[in-house]
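# A structural walkthrough
Residues per chain, in single letters:
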Amino acid sequence: MINLVWLVPLFPLIGFLINGLGRNVLPKAVIGSLGSISVLLSFIVSVGIFSELSASEIKAFYIPLFDWISTGSIKIPFAFQIDPLSSIMLLIVTGIGFLIHVYSIGYMSHDKGFGKFFSYLNLFIFFMLLLVLGSNYVVMFIGWEGVGLCSYLLIGFWFTNPSYASAAKKAFVMNRIGDLGFLIAIFVIFTTFGSVEFGDVFMDAAKLESGNSTLLLITLLLFVGAIGKSAQVPLFTWLPDAMAGPTPVSALIHAATMVTAGIYMITRSNVLFSLSPLTMDIISIIGIITVILAAAIAVSQTDIKKVLAYSTVSQLGYMFLGLGVGAYTGSFFHVITHAFFKALLFLCAGSVIHAMSNEQDMRKMGGLRKKLPVTFMTMLAGTLAISGLPPFSGFFSKDEILAHAYQENQLLWVLGVIGALMTSFYMFRMLFLTFFGEFRGTQEQSHHLHESPKSMTIPLVILAILSVFGGLLNVPEVLGGGHWLAGFMAPVFEHQGLSTASVIHIDHSTEYLLMGISVMAALISAVYAYSRYVNSSHIPAPDESSRGLFAKLSYNKFYIDELYDAIVTKPLNMLSYFFFKVVDKAAIDGFVNGLGKATSEGSKVLRLLQSGNVGFYIFMMLAGIVALLVYGFYNI
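In this report, the structure presented in the accompanying data block is examined.

The rules behind the values
- Residues numbered from 1 in each chain as written.
- Predicted model: local features only at pLDDT ≥ 70, side-chain atom pairs only at ≥ 80, totals over all residues.
- Heavy atoms only, no water.
- Helix = DSSP H or I, 4+ residues; strand = E, 2+ residues; numbered from the N terminus.
- Buried < 20%, exposed > 50% of the residue type's maximum accessible area, 1.4 Å probe, protein only.
- Contact = heavy atoms within 4.5 Å.
- Areas by Shrake-Rupley, 256 points an atom, 1.4 Å probe, with all protein chains shown as cover.
- Lys, Arg positive; Asp, Glu negative; His and termini not counted.
- Charge placed at Lys NZ, Arg CZ, Asp CG, Glu CD.
- Expected span 1.5 Å × (residues − 1).
- Polar contact = N/O pair within 3.5 Å; in protein donor to acceptor, adjacent residues only side chain to side chain.
- Salt bridge = Lys/Arg side-chain N within 4 Å of Asp/Glu carboxyl O.
- Phe/Tyr/Trp six-rings, centres within 6.5 Å; stacked < 30°, edge-to-face > 60°.
- Lys NZ or Arg CZ within 6 Å of the ring centre and 35° of its normal.

Counting secondary structure elements, the chain contains 25 helices and four strands. Oriented by its inertia axes, the alpha-carbon framework of the chain measures out at about 115 × 65 × 55 Å. The buried share of the chain, reckoned over its 636 residues, is 53%. Taking the contacts inside the chain whose residues are at least 6 apart along the sequence as the reference set, 81% of them involve residues at least 24 apart. When the accessible surface of the chain is summed, it comes to about 26,500 Å², and 68% of that surface belongs to carbon and sulfur atoms. Where the 34 positive side-chain charges of the chain centre and where its 34 negative ones centre are 14 Å apart.

In structure tokens form, the structure reads like this:
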């Protein structure tokens, strides 16, 4: 099966071509089935690859497809790499992708762009698989840019709405900032190591000393790319605006796959980062700032998708915190569990929006648990998982990151626990405002409340099961587990004798205490949210109401977008206007138009010499002869 890995990206590409070309011809049933089956076939092949790799003593396979770039000293093959990291990512991308494709059949059934939507989804899966499978940084970069393009197309899918089109452009531009850093990093990598192949680069890098300045430059540039793609401070504001796209897009791109590309890239490049301790410190600082800032914004949002969007930013911050403290396995473990429960939460939100006739304001919901029982139970499972409560999946992955943070820097652990406390509060706040109390919508919405079709609820149930039991992949020894995931992925973090596998060196009693504190913090937040939004029936204030200082800052997202608008967007617009009006129109156009006008006016004067009078012509000839004689006389 490993030699058939080329089939994994091929199936979605075929689905894209057929659905794209036949989007206005094929029936919706055919389009939805074809788009979903193409990803299902990729998932089946991925399962076979994973099974074969698990049973094999060899844990890394290099699959060359063809010679791609060969000029001078530059030789870049188009090749795939199969190892524990890429095999698990294949399962995530194709497995979660298939469930979201099935969900989309019901969710997008009445949309006129049904065929176009599925073709975009298939294209996104294709590029994401290229990103994951590439054996070198250039193939990875193709997938990296491809998912950015598909993100732009899907966020702006309803482009007739100007705000949605602006959100798509914002995502595209902010991602380009990070992508430039990644591209420059590739140039520096090739200049330094003479190759962009992972195996060659990591082998040579492992021979360098820790703190090497070139490695510091490379890792910082790679991290800039990760900041853009994975929505970290300061390039995070595009992701909440990306909620303008259809809800399945939010689940697929901005929860389970694309936004984790930055974490995947750093995990893949773990040798380089482990030899750059300063970069690791910067990553952990940026990560924890993102955790706290995004959570502080989420606690006051009233749009159900915006809450989940800022939650995604915050959870990505936890993953970067894990990377920064060396918990590569823990960080990637959180990628897996987050893919389960965040995809579930977004799809549950889509089910609610579907039932509420596209209403997203939680202030106009309430009491939906009786009308939407499957959606309620599955969203409850997702909420418990993301809040880090045992035995749900998020508890195990978040606890592993926090334990490593405690080991490296106790201040990071304290801030991480505060972030966990805030996470539990805003998630249970969302759950209680949506499903408890009295219904606050319109009479017409009340009449149309209904559970979503099976094409939408079956993926919810599957993701809910994964959210409950997904943590069993890496149960720690302190709880009687064997760290299966850590053992399976160990070959990824060992290269030429340089071990970058993270190990917890704290005693079990301390680990129990850390777990207890984080769980207690989550429980306290949940109880407080219940008391405030269920017992006291508190409803968030209308937009125009006055708020306290922190509430006002949080509700207005700390005015970060306004700050960027003031210090970046407006100055650039003014500079552009100056170049347009002064440099382009006045100077360049003025000079060019002046030459044209001078030529035109001069020709009008010279035209008068062509009078048609023979006597005048004879006179001019004589004048010319006299002028030549005079010139010749003075030059004798």
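So, on to unusual backbone geometry. Omega for the bond connecting Val233 with Pro234 falls within 30 degrees of zero, at 10 degrees, which places this linkage in the cis form. Assignment of secondary structure puts Pro234 in the loop between α8 (213-229) and α9 (238-241). Here the amide bond leading from Pro390 into Pro391 is cis, since omega sits at 0 degrees, within 30 degrees of zero. When you line up the elements, Pro391 lands in the loop between α16 (373-386) and α17 (393-408). Look at Ala231: it is not a glycine, yet its phi comes out positive at around 55 degrees. Among the secondary structure elements, Ala231 is positioned in the loop between α8 and α9.

Let's shift gears to helix α14 (residues 304-324). Every α-helix winds through 3.6 residues per turn, so residues three or four apart in the chain are directed the same way. Between the first and last C-alpha of α14 there are 31 Å, a value that for 21 residues agrees with the 30 Å anticipated at 1.5 Å per step. The buried fraction of α14 amounts to 21 of the 21 residues, a majority that puts the element mostly inside the structure. For α14, the capping residue at the N-terminal end is Asp303, with a side-chain oxygen 2.9 Å from the backbone nitrogen of Lys305. Note on α14: the residue one or two positions beyond its end, Gly326, has a positive phi of about 90 degrees.

Let's shift gears to the pattern of salt bridges. Using the criterion set out here, one finds ten salt bridges in the structure. Between Lys170 and Asp561 there is a salt bridge, with the nearest N and O atoms lying 2.6 Å from each other. Taken together, the residues span a long stretch of sequence, with Lys170 in helix α6 (residues 162-193) and Asp561 in helix α24 (residues 560-607) at a distance of 391 residues. With relative accessibility at 22%, the residue Lys170 sits in the partly exposed group. Residue classification places Asp561 among the partly exposed positions, given a relative accessible area of 26%. Residue Asp361 pairs with Arg363 through a salt bridge whose shortest N-O separation is 2.9 Å. For the residue pair Asp361 and Arg363, the accessibility class agrees, reading buried in each case.

The next subject is the environment of Ala261. Along the chain, the position of Ala261 falls in helix α11 (residues 261-268). Judged by its relative accessible area of 0%, Ala261 falls in the buried class. Expressed as a C-alpha distance, the spacing of Ala261 and Ser276, which sit 15 residues apart in the sequence, is 20 Å. Those residues in contact with Ala261, other than ones at most four positions away along the chain, are Met128, Leu131, Trp144, Lys229 and Ser230.

Turning next to the packing of aromatic side chains. In this structure the tally under the stated criterion is 33 aromatic pairs. When the ring of Phe141 is compared with that of Phe182, the centres are 5.4 Å apart and the planes differ by 80 degrees; the resulting orientation is edge-to-face. Of this pair, Phe141 sits in helix α5 (residues 137-155) while Phe182 sits in helix α6, and the two are 41 residues apart along the sequence. Geometrically, the ring pair formed by Phe428 and Phe432 is tilted, given 5.8 Å between the ring centres and 35 degrees between the ring planes. Placement of both Phe428 and Phe432 in helix α18 (residues 410-435) is noted, with a separation of four residues, approximately one turn of the helix. Classification of Phe432 by relative accessible area gives buried; the value is 7%. Aromatic rings pair up to connect Phe114, Phe117, Phe118, Tyr120, Phe157, Trp158 and Tyr164 into one cluster. The ring centre of Phe157 lies 5.3 Å from the NZ or CZ of Lys116, which sits over that ring. The lysine or arginine in question, Arg176, covers the ring of Phe172, its NZ or CZ lying 4.2 Å from the ring centre.

Assignment of secondary structure puts Glu400 in helix α17. Lacking a salt bridge, the buried Glu400 has Lys398 as its closest oppositely charged neighbour, with an N-O distance of 14 Å. For Glu400, the side chain forms a polar contact with the side chain of Asn474, separated by 2.8 Å. Once you skip the residues sitting within four places of it in the chain, Glu400 turns out to touch Thr329, Gly330, Phe333 and Asn474.

In short, the description is geometric, and any link to function would need to be established separately.
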